[in-house]
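# Chain and residue survey
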Amino acid sequence: MQISINISAGPSISARRIKDWVFSALCFLAAVFGIGVLALILYCLLKLGLPGLSLSLFTESTPPPSVEGGGLANAIVGTLIITGIAMAIAAPVGILIATMLVEFPGKGKLAALVRFFNDVLLSAPSILVGLFTYAFMVRTLGHFSGLAGSVALAFIAIPMVVRTAEGVLALLPVQVREAAVALGIPRWKVTVLIIWRAAAGGIVTAILLATARITGETAPLLFTALSNNFFTGNPMQPMANLPVVMFNYALSPYENWQNLAWAGAILITVSILGLSVVARIFFRTR
Amino acid sequence: MANSSHAAKQDHKAEAAPHKAAVLELKKLCFFYGTQQSLFDVNLTFHRGQVTALMGPSGCGKSTLIRSINRIYELYPNQRAAGEVLFHGANVLEPGIDVNDLRLKIGMVFQKPTPFPMTIFENVAFGLKRHYKMTPAEIEERVEWALTKSALWSEVKDKLHKAGTALSGGQQQRLCIARTVALKPEVLLLDEPTSALDPLSTVKIEELVRELRQDFTIILVSHNVNQARRISDETVFMEAGRVVEVRKTSELFGSPKDQRTKIFIESF
């Protein structure tokens, strides 16, 4: 009796088991595929980029085609300056917007509108931001410049800072806010002296992650910073930078340029990875 | 602002002598969360040098009541109070009032300890530095005074420059009381100050409240009947946004007049 029940229940149970197994296997395969692609990229990057890594990469500027030697010093410094200025604009603006959204939302209608536009900007194609900056800044000034590149990158970084910083500020216990206000301290001082201080770790994380994101952006810089074969520290001039140099050199027929493009790719990857890791450590320890 | 706070200051001087002067008077106080009314025509008087306990079931409006006295509810745009809260005769609910000045005179301590992300010393000095022009020596003196008043000085005097968040929950709550007391307010609003604490810390805070009564007018929200009985001079029993009974604590607990009060007390 019991046996016959087991047998009759058998097929449906094993069918369920098979479905369960197939589903798990698909999830697993998808994960392997995702990680595999990443591993392949890193493998390719290391294989083609490592031979080009040398000290001269940091000491010499980009060489003429087919001339041995040379490095990426002008592009590295350019990227540092362009990214630095971009974040000097994006960090304060982004933090202030996030503060407005969390601390001073009023009745909430304006905040909802700002949040909506921020989301739109967050998903805007970066080439659009580049074209926009070209139209209003490069054409107005009459020439390409590192500064225009910084402004374009700032437009990309601001919505990222806003989104992350808003999340961090909203996480703070409401009681801390109330306790400070109950001491008779004006709202803006409470925000600057207590709320920002309490959220400092998270805010730094927001800035680091946005920095990591814009370090590799290429499209906005093509229309704005352009590039420069010579070393310059002047943000009012066209400026060499890693992504655009990589773009130009990788497309070129010259082997030494192609090698430099791969070396530049390694530099960018390592610095983005470094920034992300530091950001995560920062967020955890605070 | 000018008018009302002037009036308050003059009153303050004029009536330093009489012991049980009315400091705060609520007249027909109503409160709204959006369209939902949670206080209905509350009339109450709070006297100097007394601990008044507000007691009642959860949601009866006791926290809401003290939150309207220092206008902390204004942090939330959909909350609104109507009626009068007279502080030395001036209605603090009027729009022209300087709320920061009001909150300097009417301090508040909350359910959960909320140390600021800074050192113990800085926690207490924070409000002082923002409100008064004091020399560093004066600030140090006042911090020590406040921490002593709050029965915390002996425990923290050797680690004033450690983080306030490193203290235990009970110590943190006394730090929050010290932070408020340091400003020398006239009125202390305590919103269930022991509900997040262990029994030992609770005893310490209760002793502290009895101590502080001599210098401050204290309004204590408590959902714990025994606590109200232990430390208050006068008890207000509330239910569903209305005051049911207000009497001297010993009388209210000895022979409650209202049946609802009786049932509530006996349920503990």
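Preceding block: the structure.
Residues numbered from 1 in each chain as written. Chains lettered and ligands numbered in written order. Predicted model: local features only at pLDDT ≥ 70, side-chain atom pairs only at ≥ 80, totals over all residues. Heavy atoms only, no water.

## Section: the pattern of salt bridges
Residues and elements named next belong to chain B. Per the stated rule, a full pass over the model turns up 20 salt bridges over all chains. Taking the shortest distance from any N to any O, the salt bridge between Glu 192 and Lys 62 comes out at 4.0 Å. Residue Glu 192 is located in the loop between strand E7 (187-191) and helix H8 (199-212), and its partner Lys 62 is located in helix H2 (residues 62-69); the two are separated by 130 residues in the primary sequence. Lys 62 matches Glu 192 in its accessibility class, with the two residues each being buried. Across the pair Glu 206 and Arg 230 runs a salt bridge, and its minimum N-O distance is 2.7 Å. Of the two residues, Glu 206 is situated in helix H8 and Arg 230 in helix H9 (residues 225-231); the sequence distance between them amounts to 24 residues. Classification of Glu 206 by relative accessible area gives buried; the value is 7%. (Salt bridge = Lys/Arg side-chain N within 4 Å of Asp/Glu carboxyl O. Helix = DSSP H or I, 4+ residues; strand = E, 2+ residues; numbered from the N terminus. Buried < 20%, exposed > 50% of the residue type's maximum accessible area, 1.4 Å probe, protein only.)

## Focus on empty space enclosed by the protein
All names here are of chain A. Using the criterion set out here, one finds three cavities of 30 Å³ or more in the structure. In this structure, the second largest cavity is lined by Leu 121, Leu 122, Ala 124, Ser 126, Ile 156, Pro 159, Met 160 and Arg 213. Contributing elements (two or more residues each) for the lining of the second largest cavity: helix H4 (109-122) and helix H6 (146-171). Ranked by residue count, the leading element in the lining of the second largest cavity is H6, at three residues. (1 Å grid on protein atoms, 1.4 Å probe; cavity = no way out; pocket = protein on both sides within 12 Å on 5 of 7 lines; lining within 4 Å. Points joined across faces, edges and corners; volume = space filled by probe spheres on them.)

## Brief notes about the sheet that holds E7 of chain B
All names here are of chain B. Taken in spatial order, the six strands make up an open sheet running E6-E7-E8-E3-E9-E10, and their pairing is mixed. Where the open sheet ends on each side, the last strands, each with one partner, are strand E6 (106-109) and strand E10 (242-248). Going across the sheet, the axis of each strand differs from the next one's by a mean of 20 degrees, ignoring polarity. Summarising the sheet, E7 and strand E8 (residues 217-222) pair through five bridges and their orientation is parallel. Looking at E8, one finds that Val 187 is bridged to Thr 217. On top of the sheet, helix H7 (residues 169-181) reaches E6 and E7; it is set at about 170 degrees to E6, its chief contact. (Pairing = 2+ DSSP bridges. Axes fitted to C-alpha atoms, helices over the stretch in contact; angles between N-to-C directions. Contact = heavy atoms within 4.5 Å.)

## What about the interface of chain B and chain A?
Accessible area lost upon the coming together of the parts serves often as the stated size of an interface. Taken together, the contact pairs 24 residues of chain B with 20 residues of chain A. Roughly 2,000 Å² of surface becomes buried between chain B and chain A when both sides are summed, with 69% attributable to carbon and sulfur atoms. For the pair chain B and chain A, the number of links is one salt bridge. Arg 67 of chain B is paired through a salt bridge with Glu 178 of chain A; the nearest N and O atoms lie 2.8 Å apart. Our enumeration of links across chain B and chain A arrives at four residue pairs in polar contact (both at pLDDT 80 or more). (Buried area = accessible area lost by both parts, 1.4 Å probe. Polar contact = N/O pair within 3.5 Å; in protein donor to acceptor, adjacent residues only side chain to side chain.)

## Observations regarding helix H11 (residues 259-266) of chain B
All names here are of chain B. Among the residues of H11, those classed as buried are Thr 261, Phe 264 and Ile 265. Seen end-on, H11 carries its buried residues on one side only, within an arc spanning 95 degrees. Exposed residues on H11 whose side chains face more than 90 degrees from its buried face are Gln 259, Ile 263 and Glu 266. The inward-facing, buried residues of H11 abut strand E3 (51-55), H9, strand E9 (234-239), E10 and helix H10 (249-254). For H11, the side-chain oxygen to backbone nitrogen distance between the N-cap and Arg 260 is 2.8 Å, and the N-cap itself is Asp 258. (Arc of directions from axis to C-beta.)

## So, the packing of helix H7 (residues 174-182) of chain A against helix H8 (residues 187-198) of chain A
All names here are of chain A. The N-to-C vectors of H7 and H8 enclose an angle of 125 degrees; their axes lie 10 Å apart at closest approach. As far as their axial angle goes, H8 and H7 are oblique. Regarding H7 and H8, the two cross each other, and that crossing is right-handed. Note on element contacts: H8 touches H7 through Arg 187, Val 190, Ile 194 and Ile 195, opposite Val 176, Arg 177, Ala 180 and Val 181. A breakdown of the residues in the contact of H7 with H8 according to their chemical character gives six nonpolar, no polar and two charged. (Parallel < 35°, antiparallel > 145°, perpendicular 65-115°, else oblique. Left-handed = near helix turned anticlockwise from the far one by under 90°. Nonpolar A, V, L, I, M, F, W, Y, C, P; charged D, E, K, R; others polar.)

## A closer look at the packing of aromatic side chains
Under the criterion given, the structure shown has eleven aromatic pairs over all chains. A ring pair is formed by Phe 116 of chain B and Phe 126 of chain B, whose centres lie 5.5 Å apart and whose planes are at 65 degrees; its orientation type is edge-to-face. Highlighted residues: Phe 116 of chain B in the loop between E6 and helix H4 (120-131) and Phe 126 of chain B in helix H4, separated in sequence by ten residues. In this structure Phe 116 of chain B comes out as buried when scored by relative accessible area, which is 0%. The class for Phe 126 of chain B is buried, based on a relative accessible area of 3%. Put simply, the rings of Phe 132, Phe 136 and Phe 155 of chain A touch in pairs and so form one group of aromatic residues. (Phe/Tyr/Trp six-rings, centres within 6.5 Å; stacked < 30°, edge-to-face > 60°.)

## A word on the layout of surface pockets
A volume near 280 Å³ is recorded for the largest pocket. Taken together, Val 102, Glu 103, Phe 104, Pro 105, Gly 106, Val 174, Arg 177 and Arg 187 of chain A together with Glu 74, Leu 75, Tyr 76 and Pro 77 of chain B form the lining of the largest pocket. Those elements that provide at least two residues to the lining of the largest pocket are helix H3 (73-103) and H7 of chain A. Per-class residue counts for the lining of the largest pocket are seven nonpolar, one polar and four charged.

Everything listed is a geometric property; what it means functionally is a separate question.
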